[in-house]
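Structural features, examined
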Amino acid sequence: MALQCGIVGLPNVGKSTLFNCLSNAKAQAANFPFCTIEPNVGVITVPDERLNKLAELVKPQRILPTTVEIVDIAGLVKGASKGEGLGNKFLANIRETDAILHVLRCFDDENVTHVDGSVNPVRDKEIIDYELQLRDLESVDSRITKVQKQAQTGGDKQAKLAYEVLVRFKEALEQGKSARTVKFENKEDEKFARELFLLTNKPVLYVCNVDEASATKGNRYIDMVREAIKDEEAELLIVAAKIESEIAEFETYEEREMFLTELGLEESGVNRLIKAAYRLLNLETYFTAGAPEVRAWTYLKGSKAPQCAGVIHTDFEKGFIRAEVIKYEDYIKYGSEAACKDAGKMNIEGKEYIVQDGDVMHFRFNV
């Protein structure tokens, strides 16, 4: 499931530094705008302690975690919607992603130039919001022109539905609001809205890049951002990218844990960010566990058993018969699949079963 999160922000806010911490790929992190010309893509392992605990019990030949792709995109500037800077390339790259990690500079450092001359994360956020909203408004206006006549004079129900959804988006965008603020109760409207692939309709996580002192205590810039996004239904995460780059240099888990403890942090910002990105995409994990491998599989929250089987192979979904399901907690408690079965903790589920996060599953199918 090649789902992508795009890291966006103004130049010099710490996007590439953060990307380097997330990935083995090394984007150039330099103190000048547009040091990232082509999008850098990193396949990021999603940290999940449950996978390791299952592996300790099963002792498989290999362990395979689930992943999310992170894309580092060139910095945006004012006028990007009109092609300024690397605007057109930026907007094309972000359109292909499933969610946005919006990095905001929340630290003072006279050695790192700010493209607008001063540190103000709310202003920076509004610049990017404005450019994306402008591009979305252009898309919406263009589509309205195509369907308006059919919707108002003809009997085309689809054109009428499209027109009504587009008008609601247009009203919001003209008020300076992002498309994601528009809520639809009708599932058909919601489906059409998603298929428009508007830039500001993507889920967003605001990543406040701070200095070392603010990593645990916070600062006034974070408070400003928190106040600015309070009505957005968006998540906020505090990360000190410079510290994370130091953590990434340690070779052993023990060294990293010791460093985090000294800083007063329970978990690295990178781990927290990856987990938050995974939630942002509305993803959950089920497991398969056997001697060859213990593996984590990604699925969309709310999916039924056949769809989840299809994540492994399309034949599993086509020929789905049943799923044998053990809850993660039961697997850990009883220590093996056989022990769970003996204790009556293995459930046989059919096509309507909605898979739960952490389920340990075995699919029966016939093609």
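Residues numbered from 1 in each chain as written. Predicted model: local features only at pLDDT ≥ 70, side-chain atom pairs only at ≥ 80, totals over all residues. Heavy atoms only, no water.

**Section: the sheet that holds strand β1 (residues 4-8)**
Read across the open sheet, the six strands follow the order β2-β4-β1-β5-β6-β7; overall the sheet is mixed. Two strands bound the open sheet, and with one partner strand each, they are β2 (40-45) and β7 (235-239). Averaged over all adjacent pairs, the angle separating strand axes in this sheet is 25 degrees, with direction ignored. Summarising the sheet, β1 and strand β5 (residues 99-105) pair through four bridges and their orientation is parallel. Among the inter-strand pairings, Val-8 is bridged to a residue of β5, identified as His-102. With respect to the sheet, helix α4 (residues 121-153) is in contact with β5 and β6 (204-209), its orientation differing from that of β5 by roughly 145 degrees. (Pairing = 2+ DSSP bridges. Helix = DSSP H or I, 4+ residues; strand = E, 2+ residues; numbered from the N terminus. Axes fitted to C-alpha atoms, helices over the stretch in contact; angles between N-to-C directions. Contact = heavy atoms within 4.5 Å.)

**Regarding the nonpolar core**
Ranked by internal contacts, the top residues of the largest apolar core, which has 59 residues, are Cys-5, Leu-18, Leu-22, Ile-70, Leu-101, Val-207 and Leu-273. With seven residues, the top contributor of residues to this core is helix α11 (residues 269-280). When sequence neighbours within four positions are dropped, the list of residues in contact with Leu-273 reads Leu-18, Leu-22, Leu-101, Leu-205, Val-207, Leu-237 and Val-239. In terms of nonpolar packing, the next biggest core, distinct from the first, is built from 21 residues, Ile-144, Val-165, Phe-192 and Ala-193 among them. (Core = buried A, V, L, I, M, F, W, Y, C linked by side-chain atoms within 4.5 Å. Buried < 20%, exposed > 50% of the residue type's maximum accessible area, 1.4 Å probe, protein only.)

**Section: the environment of Ala-92**
Structurally, Ala-92 is set in helix α3 (residues 87-95). The class for Ala-92 is partly exposed, based on a relative accessible area of 40%. Considered as a pair, Ala-92 and Leu-199 are 107 residues apart in the sequence and their alpha carbons are 9.8 Å apart.

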